[in-house]
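Summary of the model geometry
In case you want the letters, here they are:
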Amino acid sequence: GVKLAVSLSRPYPHPTAIRAPTSHPTARASAQRLPTARTALYIRLASGPWCRTRHLARLRSLSFILFRFLIATMGTRRGVAVLLLAAVLLQTLLPASEAEGLVRIALKKRPVDRNSRVATSLSDREDLLGGGGANTLRSEEEGDIVSLKNYMNAQYFGEIGVGTPPQKFTVIFDTGSSNLWVPSAKCYFSIACYLHARYKAGASSTYKKNGKPAAIQYGTGSIAGYFSEDSVTVGDLVVKDQEFIEATKEPGVTFLVAKFDGILGLGFKEISVGKAVPVWYNMVEQGLISDPVFSFWLNRHADDEGEGGEIIFGGMDPKHYVGEHTYVPVTQKGYWQFDMGDVLVGGKSTGFCAGGCAAIADSGTSLLAGPTAIITEINEKIGAAGVVSQECKTIVSQYGQQILDLLLAETQPKKVCSQVGLCTFDGTRGVSAGIRSVVDDEPVKSNGLRTDPMCSACEMAVVWMQNQLAQNKTQDLILDYVNQLCNRLPSPMGESAVDCASLGSMPDIEFTIGGKKFALKPEEYILKVGEGAAAQCISGFTAMDIPPPRGPLWILGDVFMGPYHTVFDYGKLRVGFAKAA
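Residue indices begin from 1 for each chain and proceed along its sequence in written order. Note on the predicted model: pLDDT of at least 70 is required for a residue's local features to be given, and 80 or more for side-chain atom pairs to be given and counted; whole-chain, interface and lining totals, by contrast, use all residues. The side-chain values count all of the structure's non-hydrogen atoms but skip hydrogen atoms and water molecules.

1. Some thoughts on the pairing of strand S26 (residues 536–539)
Threshold: Strands are treated as partners if at least two bridges between them are detected by DSSP. Think of it this way: any DSSP run of H or I at least four residues long counts as a helix, any run of E at least two long counts as a strand, and we number them from the N terminus.
Here strand S22 (residues 497–498) runs beside S26; their pairing, made up of 2 bridges, is antiparallel. Looking across to S26, one finds that Val-498 is bridged to Cys-537. Bridge count between strand S25 (residues 526–529) and S26: 4 bridges; the pairing is antiparallel. When the bridges of S26 are listed, Leu-527 appears paired with Ile-538. Turn length for the S25-S26 hairpin, with the two strands adjacent in sequence and antiparallel, is 6 residues, and the turn residue Gly-530 shows positive phi of about 90°.

2. Things to note about the environment of Ile-191
The test is simple: Partly exposed residues are those whose accessible area sits between 20% and 50% of the maximum for their type, while under 20% is buried and over 50% is exposed, using a 1.4 Å probe and protein chains only.
Along the chain, the position of Ile-191 falls in helix H5 (residues 191–194). Take Ile-191: its relative accessible area is 60%, and that puts it in the exposed class. When the C-alpha positions of Ile-191 and Gly-252 are compared, they lie 9.3 Å apart, and in sequence the two are 61 residues distant.

3. Overview of the nonpolar core
Inclusion rule: To define a nonpolar core, start from buried Ala, Val, Leu, Ile, Met, Phe, Trp, Tyr and Cys residues and group those joined through side-chain atoms within 4.5 Å. Each domain's extent is set by a domain assignment, obtained either automatically or from a database.
One finds Ile-160, Phe-173, Val-234, Phe-313, Phe-511, Trp-554 and Phe-560 to be the most contacted residues of the largest nonpolar core, which totals 73 residues. When residues are assigned to domains, this core turns out to be shared by domain 1 (103–124 + 149–298) and domain 2 (318–385 + 494–580), each giving three or more.

4. Concerning the state of the cysteines
Stated precisely, the cut-off is as follows: Counting rule for disulfides: a pair of cysteine sulfur atoms within 2.5 Å.
Applying the stated criterion across every chain yields a total of 6 disulfides. In this model, Cys-187 is linked to Cys-193 through a disulfide, with the two sulfur atoms separated by 2.0 Å. Every disulfide takes its handedness from the sign of the S-S torsion; for Cys-187 and Cys-193 that torsion is 75°, giving right-handed. The exposure classification of Cys-187 matches that of Cys-193, with both residues buried. Each sulfur in the disulfide pair Cys-353 and Cys-357 lies 2.0 Å from the other. For the disulfide bridge between Cys-353 and Cys-357, the dihedral angle about the S-S bond is near -85°, and by the sign convention the bridge is left-handed. By relative accessible area, Cys-353 is classed as buried at 0%. Each disulfide in the protein chain links cysteines that, numbered along the sequence, combine into the pattern 1-2, 3-4, 5-10, 6-9, 7-8, 11-12.

5. Side note on the UniProt feature "active site" (unreviewed entry) in the protein chain
Selection rule: UniProt positions are given in the numbering used here, feature names are shortened, and annotations may be inferred rather than shown by experiment. Pairs of N or O atoms are called polar contacts if they sit within 3.5 Å, as long as, within protein, a hydrogen donor faces a hydrogen acceptor (for residues adjacent in sequence, only side-chain-to-side-chain pairs).
In the numbering used here, UniProt assigns the "active site" (unreviewed entry) feature to Asp-174 and Asp-362. Spanning 189 residues, the named residues nonetheless gather at one spot, since no C-alpha pair among them exceeds 6.7 Å. Within the fold, Asp-174 resides in strand S6 (residues 167–174). Residue classification places Asp-174 among the buried positions, given a relative accessible area of 0%. Polar contacts involving the side chain of Asp-174 include one to the main-chain amide nitrogen of Gly-176, which spans 2.8 Å. In this structure, Asp-362 sits in the loop between strand S18 (357–361) and strand S19 (368–370). Separated by 3.3 Å, the side chain of Asp-362 and the backbone nitrogen of Gly-176 make a polar contact.

6. Some words on empty space enclosed by the protein
The following threshold applies: Computed over the protein atoms alone on a 1 Å grid, cavities are sets of points where a 1.4 Å probe fits but cannot get out and pockets are open sets with protein on both sides within 12 Å along at least five of seven lines; a residue lines them when it has an atom within 4 Å of a point. Grid points are joined across faces, edges and corners, and a volume is the space filled by probe spheres set on the points.
On inspection of all chains with the given rule, the structure shows 4 cavities of 30 Å³ or more. Estimates place the volume of the second largest cavity at around 80 Å³. If you trace the second largest cavity, you find 11 residues lining it, with Tyr-156, Ile-172, Phe-173, Phe-296 and Ser-363 closest to the centre. Put simply, the parts of the chain that give the lining of the second largest cavity at least two residues each are S6 and strand S12 (293–298).

Set out below in structure tokens:
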């Protein structure tokens, strides 16, 4: 931002001329070695890369007036007094974000409502009828998390501008994808486009035609269109020549009821559709921010639509967090992915991630997604409604004792289900008989999560039994516990209802990150829909199974990023978490 740097030094024996501001096109004035009888003053008015608004232009004009007055009064006590007054005045006139060198983007929060839940249900039914599912990987590229994303319950939005003059759009700032897209004025056959702001290329003086086709498939919904280039305004920053997608097709109900117009991805370029350079990369490369860091503060206390939090580009605000951040390195560029340790329910290990799991911090996911085996255990502890799995019950009744015996004989857990004949072992994990391994050399389209139900149920039973054995439970108690879990499998529709009156008895859920435990309390992981007697509560956990090599994987969405202020450090390739203020 604009900075006024003032320093005093001893007088120089020979006067030197004041140098004109030539090094910066928008104002960098230097008065160096100004001769006086008593002192020489160094005064520099430096314009940061985002000093473009009329407000800041007026500040610069005021600064030059003060500067000229200082020269006229140089060597007098009045000159020194005016100098100090000028420094204080300029600092108070500057916006806080400019003075701190930060760019703030205000977020709006929308509470989860019944309309979005109904739309989610309808969208999921479309997926199921189409042979997919709410938690089915449907991408030609193995492990593509973008294809699983569900924006239906998204709560946090911000505003950007595209074009010159800026055309305003409400977008989700999504760290789990990397493209920017907005509806196009040429979107004629999708009703969703007519319900949202649309980009008009002809109304922008900085528009550049590209025309390359583009399409993105999400977990619920999809968009298609073509690339264009234009200036993108984010806060006071203007990113020039930004490649983005003009969406000309938005089929289905997902974007029909969405409260946002488009999505601005903040992930890495490795997952950018069409190899488009992400907005964040251009911010850094065009010198618009001094520090390649951005941070999220989500205001979970905003009950109604209003202040939803802030994204800060260029650093972080100490007012948004308490204590120090725990940082973990990015382990695989694409998503903001890092290694995570064990997950504990009520202080007890679930066992599944004791040896390590991958996780991504994803601001574009409203809930917290994890492996079905762990989500089922959480459901059982919090009393969440689930679905009965007959395959799971069959495993317990017909193979339960055999699985237990193999585990007691210290058989490698990954090989247990292949030894009982329900899976085949590919060298790293059990896979369904007749289904190609995810690590085969030849890629398989839409391999995803479509594995044999008996094999999947067996692998979950192994995880549950291992966990109970570690707690020295008897065999009868273990088999009974696993049978109970078979009644609590997460709904394929993506959400599970809980009793609002039971929040006080629900356990904390802890995630181990960087050797530190990050706890979520019931009021933080349960979402409340409605008020009073009509209020409903849903679990903030949803099941999503990502197969190797990328999985098993946790997606830490807004349910986690709300209680924990999150820093995305692009310069040092790390992610940091601290308790949100």
